[in-house]
Structure formats: C-alpha cells, structure tokens
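Structural description and commentary
The chain contents come next:
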Amino acid sequence: MSCFPDDEYSAVFEIGTRTAYSGGVVMVANPSSLPAHSILPEPRLLFQGSRTDTHPLRGLSQYGPYSADLGLPGMVRLAYLAPAGYMRKLDDIGV
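Residues numbered from 1 in each chain as written. Predicted model: local features only at pLDDT ≥ 70, side-chain atom pairs only at ≥ 80, totals over all residues. Heavy atoms only, no water.

As for the confidence of the model for the protein chain
Summing up the model confidence of the protein chain, the mean pLDDT is 74 and the portion of residues at 70 or higher is 62%. This stretch, residues 9–14, has a pLDDT under 50; its non-local contacts, to residues over four places away or in other chains, come to 13 contacts. Of the regions scoring below 50 in pLDDT, residues 18–22 engages in 25 contacts with residues more than four places distant in sequence or in other chains. (pLDDT = per-residue confidence, 0-100. Contact = heavy atoms within 4.5 Å.)

Examining a nonpolar patch on the surface
Together, Leu46, Tyr66, Leu70 and Leu72 give the surface a local cluster of nonpolar side chains, amounting to about 410 Å² of exposed area. Mapped onto the elements of the fold, leucine 72 is located in the loop between helix H1 (56–63) and helix H2 (84–93). (Patch = residues over 30% accessible without salt bridge, like charges linked within 9 Å, V, L, I, M, F, W, Y side chains within 5 Å. Areas by Shrake-Rupley, 256 points an atom, 1.4 Å probe, with all protein chains shown as cover. Salt bridge = Lys/Arg side-chain N within 4 Å of Asp/Glu carboxyl O. Helix = DSSP H or I, 4+ residues; strand = E, 2+ residues; numbered from the N terminus.)

Topic: the environment of leucine 90
Note on placement: leucine 90 falls in helix H2. Along the sequence, leucine 90 and tyrosine 80 sit 10 residues apart, while their C-alpha atoms lie 8.5 Å from each other. Beyond its immediate stretch of four places on either side in the chain, leucine 90 contacts Tyr80 and Ala82.

A few points about the pattern of salt bridges
Across all of its chains, the model carries two salt bridges by this definition. Put simply, aspartate 92 and arginine 88 hold a salt bridge, and the shortest N to O gap is 3.9 Å. Of this pair, aspartate 92 and arginine 88 both sit in helix H2, four residues apart, roughly one helical turn. Note on arginine 88: relative accessible area 62%, which makes it exposed. (Buried < 20%, exposed > 50% of the residue type's maximum accessible area, 1.4 Å probe, protein only.)

Thoughts on unusual backbone geometry
Positive phi is not limited to glycine here, since serine 50 has a value of about 60°. Following the sequence through the fold, serine 50 ends up in the loop between strand E4 (45–47) and strand E5 (51–53). Owing to a relative accessible area of 58%, serine 50 belongs among the exposed residues under this scheme.

Shown next as structure tokens:
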C-alpha cells in the first residue's frame, strides 16, 4: 500500500452558497457573478523517461528525477561553511 495520495480526488464540499468540485469547476448561486477564486487541478510533473505524476515525492520514488536522462551526475555534492567551532558538529551529521 502506497503512503502517497491517489492522483484523482472526488471531494465535493460546500462554501457558503457555492458548491465547489475539486476537479476545478466552481458553480455559484448567481450565474452572472464571477467567483472570487477558482480551483485549479494539480499540475502533472515530469520525471525520468517522460513519465508524469501529480505528487512530487511519489513521482521521484517511482520514476526518478527528470534529470537522470540528461547525463548529469547521479550524486549530489554538498559544501558547507561554518565557524571552526561548528565544523565538527557538521561532520558528525553524516550523509
């Protein structure tokens, strides 16, 4: 079982006199008035192999980063600067 949410949501909820549908459609009681806001669907994020997902962590864990196909280094290097008295603490964090 995945710990990430599903791609699609089907929630319907009431906001005052408005009924909002999570798919991005907002209906108002007075059709001639414009809504104060609108609900946009989650964007499809692009991952390795041109695969997409709406959840960034789920997409990274299932497909890998988009940059994996670009020939970039697979390891991230980290440099840090700190006063001498704190360098030992940073070294002890471990990666």
